[in-house]
Amino acid sequence: MTMFGAKAGLDCLVGRLWLWVLDLGYVAWILRAPLSSVVLGFLLMWKVPQAQDTLVDVAMAEAILPSAPVSWRMLALFASTFFLWAMPVHYSARLLLETDARYFRASTFRATRGPVTKAWVEGLRVYFPRILGAATFLPFSIGALYAIRDLPNLGSGGEDVAAAVRLWSLAMIMVAGVPIFLVYAMARRRLADSAGGKNIDTILDPWVAPLFRALGFRATMDNQAEMRSTGRLGLLVYVLLVGVVLIMTPLRLATLLPLALAIPLVLGGWVPVLSVIGYYGRRLRMPLILLFVLLPGILVYFWGDNHVVRPWKAEAGQPPLQSQRPTLPQALDAWMDANQCRQDPGTCPRPIIVAAAGGASRAAFFTASVIGHFLDVEQHRPFFSQARGDKPPVVKTQNDDGRIVKLAGTAPDAPALTAADVANRLFAISGVSGGAYGAVVAATALAERGPSGKLPCRGGAPSEWYGYEISNARDCLEALTSGDYLTPVFFGLAFHDQAQAWDPYQLLFTDDRASLLEQAWEYRFRNVITGSGGNEPAETGLKRPFFASNLRASQWVPLLILNGTSVATGQRIITSDLAATYDLNAPCPDGSQPGTCRVFKQAIDYEALITSRVAATATGRALMSKALKGTAEQSTGSEPATPRRNVADIALSTAATNSARFPIISPPGSIRDLDGNIVDRIVDGGYFENFGVLSALELAKAIVALQPRLAPFVLIIANDPQSTFLERRDAKSPVQTADVQDAPFFTEVTAPLGGVANVRTARGRLAVAELQTWARTHYPPISIPDPMPPDRFTDMPCSQHVAHIDVWPQVSRSLPERLFDDLPARNVCDLLQAPSKAQDVRLREVSMSWWLSKAVQINLHKQLESTQDTCNNDAAVAMVWNALQTRSQSCYPPQSVSALPRQTP
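Since we're looking at a predicted model, the values are computed, not measured. (Residues numbered from 1 in each chain as written. Predicted model: local features only at pLDDT ≥ 70, side-chain atom pairs only at ≥ 80, totals over all residues. Heavy atoms only, no water.)

Draft legend 1. How the structure looks around the overall build of the protein. Helix and strand content of the protein: 31 helices and 13 strands. Counting every position in the protein, which comprises 905 residues, the buried fraction comes to 54%. Here the analysis covers contacts within the protein between residues at least 6 apart in sequence; of these, 80% occur between residues at least 24 apart. Of the roughly 39200 Å² that the protein leaves accessible, carbon and sulfur atoms contribute 61%. (Helix = DSSP H or I, 4+ residues; strand = E, 2+ residues; numbered from the N terminus. Buried < 20%, exposed > 50% of the residue type's maximum accessible area, 1.4 Å probe, protein only. Contact = heavy atoms within 4.5 Å. Areas by Shrake-Rupley, 256 points an atom, 1.4 Å probe, with all protein chains shown as cover.)

Draft legend 2. Focus on the packing of aromatic side chains. Counting across every chain of the model gives 28 aromatic pairs. Arranged with centres 5.4 Å apart and planes meeting at 50 degrees, the rings of Phe181 and Tyr184 form a pair that is tilted. Highlighted residues: Phe181 and Tyr184, both in helix 8 (residues 159–193), separated by three residues, approximately one helical turn. What makes Phe181 buried here is its relative accessible area of 0%. Relative to Phe547, the ring of Phe546 lies with its centre 5.1 Å away and its plane at 80 degrees, an arrangement referred to as edge-to-face. Here a set of aromatic residues connected by ring pairs shows up, and it is made of Phe78, Phe82, Phe83, Phe137, Phe181 and Tyr184. Positioned over the ring face of Trp46 is Lys47, at 4.3 Å from the centre of the ring. Stacked on the ring of Tyr779, the Lys or Arg Arg350 has its end atom at 5.5 Å from the ring centre. (Phe/Tyr/Trp six-rings, centres within 6.5 Å; stacked < 30°, edge-to-face > 60°. Lys NZ or Arg CZ within 6 Å of the ring centre and 35° of its normal.)

Draft legend 3. Expanded view of unusual backbone geometry. Unusually for a residue other than glycine, Ser433 sits at a positive phi of about 55 degrees. Considering the arrangement of structural elements, one finds Ser433 in the loop between strand 4 (426–432) and helix 18 (434–447). The buried category is assigned to Ser433, whose relative accessible area is 7%. The phi angle at Glu464 is positive, at roughly 70 degrees, despite the residue not being glycine. Summarising the element assignment, Glu464 is placed in the loop between helix 18 and helix 19 (473–480).

Draft legend 4. Highlighting the state of the cysteines. Counted according to the given criterion, the structure contains three disulfides. Put simply, Cys341 and Cys348 are joined by a disulfide, and their sulfur atoms are 1.8 Å apart. Disulfide Cys341-Cys348: the torsion about the S-S bond is 100 degrees, which places it as right-handed. The buried category is assigned to Cys348, whose relative accessible area is 0%. Note on cysteine connectivity: Cys457 is disulfide-linked to Cys476, with sulfurs 1.9 Å apart. Its S-S torsion of about 70 degrees marks the bond between Cys457 and Cys476 as right-handed, since a negative value means left-handed. Note that Cys457 is positioned in the loop between helix 18 and helix 19 and Cys476 in helix 19, a separation of 19 residues in sequence. As far as the burial class goes, Cys457 and Cys476 line up, both buried. (Disulfide = S-S within 2.5 Å.)

Draft legend 5. Representation of the nonpolar core within the structure. Counting 86 residues, the largest nonpolar core has Phe374 and Leu480 as its most contacted members. The element that contributes the greatest number of residues to this core is helix 18, accounting for 10 residues. Other than its neighbours up to four places away in sequence, Phe374 contacts Val422, Leu715, Ile805, Val877, Val880, Trp881 and Leu884. With 69 residues, the next largest nonpolar core counts Ala51, Val58, Leu97 and Leu257 among its residues. (Core = buried A, V, L, I, M, F, W, Y, C linked by side-chain atoms within 4.5 Å.)

Draft legend 6. Up close: helix 19. Within helix 19, eight of the eight residues are buried, which leaves the element mostly enclosed by the surrounding structure. When helix 19 is considered as a whole, its buried residues turn out to be Ala473, Arg474, Asp475, Cys476, Leu477, Glu478, Ala479 and Leu480.

Draft legend 7. Quick look at a nonpolar patch on the surface. On the surface, Leu290, Val293, Leu294, Ile298, Tyr301, Phe302, Trp303 and Trp502 cluster together to form a nonpolar patch covering roughly 940 Å² of accessible area. Within the secondary structure, Val293 is located in helix 14 (residues 288–303). Here Val293 falls in the exposed class, since its relative accessible area comes to 53%. (Patch = residues over 30% accessible without salt bridge, like charges linked within 9 Å, V, L, I, M, F, W, Y side chains within 5 Å. Salt bridge = Lys/Arg side-chain N within 4 Å of Asp/Glu carboxyl O.)

Draft legend 8. View of the pattern of salt bridges. Tallying each qualifying case throughout the model produces 20 salt bridges. Ionic pairing is found between Glu698 and Arg572, a salt bridge with its closest N-O pair at 3.1 Å. Remark: Arg572 occurs in strand 6 (residues 572–576) and Glu698 occurs in helix 25 (residues 693–706); sequence separation between them is 126 residues. The burial state of Glu698 is the same as that of Arg572; both residues are buried. Taken together, the salt bridges that share partners define one network made up of Arg94, Glu98 and Arg125.

Draft legend 9. How the structure looks around the packing of helix 16 (residues 360–375) against helix 30 (residues 854–861). Following both chains from N to C, one finds helix 16 and helix 30 inclined at 40 degrees, their axes separated by 10 Å at the closest point. On the basis of their axis angle, the class for helix 16 and helix 30 is oblique. Read as a crossing pair, helix 16 and helix 30 show a hand that is right-handed. Touching Arg362, Phe365, Phe366 and Ser369 of helix 16 are Gln857, Leu860 and His861, all from helix 30. Residue classes in the contact of helix 16 with helix 30 are distributed as three nonpolar, three polar and one charged. (Axes fitted to C-alpha atoms, helices over the stretch in contact; angles between N-to-C directions. Parallel < 35°, antiparallel > 145°, perpendicular 65-115°, else oblique. Left-handed = near helix turned anticlockwise from the far one by under 90°. Nonpolar A, V, L, I, M, F, W, Y, C, P; charged D, E, K, R; others polar.)

Draft legend 10. Geometry of the pairing of strand 5 (residues 559–566). Burial analysis of strand 5 places eight of its eight residues in the buried class, which makes it a mostly covered element. Residues Leu559, Ile561, Asn563 and Thr565 of strand 5 are buried on one face, and the alternating residues Leu560, Leu562, Gly564 and Ser566, pointing to the opposite face, are buried as well. Note: strand 4 against strand 5, five bridges, orientation parallel. Bridge pairing links Val432 to Asn563 in strand 5. Taking the residues that link successive antiparallel strands as the turn, the strand 5-strand 6 hairpin has five residues, and the phi of Gly570 there is positive, at about 80 degrees. The pairing of strand 5 with strand 11 (residues 678–684) spans three bridges and is antiparallel. By the bridge assignment for strand 11, Gly564 is matched with Asp684. (Pairing = 2+ DSSP bridges.)

Draft legend 11. Region of the structure containing the confidence of the model for the protein. For the protein, the average pLDDT comes to 79, and 75% of its residues sit at 70 or higher. Of all helices and strands in the protein, the one with the weakest mean pLDDT is helix 23 (residues 620–628) (42), whereas strand 1 (residues 352–356) scores best (96). Contacts for the low-pLDDT stretch residues 896–905, under 50 throughout, to residues beyond four places or in other chains number 22 contacts. (pLDDT = per-residue confidence, 0-100.)

Draft legend 12. Up close: the pairing of strand 1. Burial analysis of strand 1 places five of its five residues in the buried class, which makes it a mostly covered element. Across the two faces of strand 1 the burial is the same, with Ile352, Val354 and Ala356 and Ile353 and Ala355 all buried. Of the strand pairs in this sheet, strand 1 and strand 4 are connected by five bridges, and their pairing is parallel. When the sheet's bridge partners are listed, Ile352 is paired in strand 4 with Leu426. As defined by bridge partners, strand 1 adjoins strand 12 (residues 713–717) across five bridges and the pair is classed as parallel. Among the inter-strand pairings, Val354 is bridged to a residue of strand 12, identified as Leu715.

Draft legend 13. Molecular detail of the side chain of Asp577. Here Asp577 is to be found in the loop between strand 6 and strand 7 (581–584). In this structure Asp577 comes out as buried when scored by relative accessible area, which is 4%. In terms of polar contacts, Asp577 uses its side chain to reach the backbone amide nitrogen of Leu560, at 2.9 Å. For Asp577, the contacting residues outside a window of four places in its chain are Arg325, Pro326, Phe546, Leu551, Arg552, Leu559 and Leu560. (Polar contact = N/O pair within 3.5 Å; in protein donor to acceptor, adjacent residues only side chain to side chain.)

Draft legend 14. Spotlight on helix 13 (residues 271–284). With 14 residues, helix 13 should cover 20 Å at 1.5 Å per step; its first-to-last C-alpha distance of 20 Å lies within 8% of that length. Taken residue by residue, helix 13 has Val271, Pro272, Leu274, Ser275, Ile277, Gly278, Tyr279, Gly281 and Arg282 as its buried positions. Just past helix 13, the residue Arg285 takes up positive phi, approximately 55 degrees. (Expected span 1.5 Å × (residues − 1).)

Right, here's the structure in full:
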């Protein structure tokens, strides 16, 4: 063959290969709806730790046999994938190829181009739908392997190894689904061609065939076996099932298909509908799928926003609400009365202000766990025994390793610190996002504790919680925050919110996904407390009205400061049961003239927004000016405020959502005033500052301005291991640095998004630095010892005013590493000593969603345990115990301050 002939042959081969690629692309375009569903499943399980974490629940469910690493829920996931995702994907793809006239003409022509091309074209038509259906099992296998890598390292208990083995079994079961489904797909046609299959089709044809002919779905291939009525009827039943899903309450549906079991329905539910829309788009030559996706957003523009912040609904015959927000002087008086020190504020304990960082359920659980840890002060003493149901009890001697100390100079028979003392010393909780939800749960549980001081949780082991028996305050608060809130929101996002756009008057679909999240919180709280299904009266649990709440009717409960972000101005919108202003006859903490001071500078008061009457045409400047004035018209001072009647209100759960509106999971909330005008929109507080420390700092300054003899102490509860690693690694540096990728993807888009996403944490760290600077400059450098410090903690009492409790980072580990490798050289503590080693080690990803696997719960619970290495919270825990037992006057030299007179009405 000449050189020319060889080149011509090569060109011919390349041309044929390219035409085969075009054949593949053409089929993929026709099947874009089912193909997109499968691709989305792969991306979800490959890139999203929140989705991977749901598989831990499947793996760790009750085993079929005691010694078998297979749970019933694994088989349920297999069945859910088979019937709710694989079958709709497969048959929708079949239906599209068998009824597309343009594809029929093109494939018929291509089949004439030779036997190889004919086999390729026919193979695509027959096997592409089968491969798509079989491929739906593989994302779960990938997700299970990634979940193994990101399991927390739980130490000698071995829970992480057991979970890893179970996840490996789950991966193998889902891989086995591929050949099983292919066998089913090949056997299905033979079954349809059998005598029994034909008899069934003969019966169904008069009912099913006319409907599909009316819809335009007619077979174009010579072989019409794939257009059997049995298959078409099955697809129609599935479409009707999706319609039932739209009507059914997502909260109820979540109990039937929780967590990972819901993913096949969410990914497969829209496939038949989108396939039909794509079919008509091909016929009309219009991008109908794109229009269908964009139309809800367009309809919202014409019909109005369907994500209004849910107002509190009073029961029939209930008297008008009365706002009961105290001013800061009133709150301080009530707090000092609870601590029996109002006559001499210097003898008061230090007011504890908690700053709870954001992070969805991870933040909520950790906030609740830390607060519960200190409420269980009696159980941290020697010879503590905790029951575990039918398991052997946990017996711990000297559980807290000497971190709790007694005040020096007190009488030997003086009463020790009690849980009631700890509860009374908590002055306020400034929460962001998940930390705000944890704050609301903790405050509500403290408000509902009985005369004995015990938190109101019933016994037993609630579902989704890792423990065996609720036996103390920490168990109670952890159980309250460990529910599955993700599944109802997931269904709301996938189905309910899409249908809401077509229901502008909300005749059928009244709840958006933010409302579903709030209802899931309410249900969980009441279920753990009483075991009921959430049918409690309106003014109990998380259904209480927020501004007219009676949380402090009988005992002190910490104030709630829930930080959101204004879409209109970028400022904080603070939802708080503390009035926004107070009167002071000395200069305000921000340096302004004596008179009316604002507690939180440059922050919008939420109650002022919803109780305003701003004309719809008012300018943004006038609106924000009115909102920023807060509630100055309320009376101030130590006398009770005159309540305003008929005020607008929200539930406690809604107040938490005002801070927890992170993208996708929770939509921006539209805020309406008394006249129904939308005056602003609120999003997650983490957009502004993710730690809640700025509000805590401003509150501490206001306390000192009113009562200079009080010495506030701020406890920061963080929960992001990646941020902790950077902070501890760069502890000696004034700034943090990170090693970024040398070859990033599409920096024009990813770089700005990454910068915006990381600013929220950076601004939180800046607020922490400002808090520490204020404490160093406000408190004298030399303090007078009051409690005797333990030997292992050399800091003198009152030399520390800020404690930072973190979730420590861990190295990710595969299953073989968990089984055979202790990883002594890759311990995070070693990496902190030699940061250069971290370049070759991947830190474990931690899921951040409204769901928390039991393995992650155990890891968070262990963060307050004392360990032998330096990766622990020992010093921070000791600081808090010291602060809880230190009198405020011990933080100041004798007679260095005197109480400033306060202006009273």
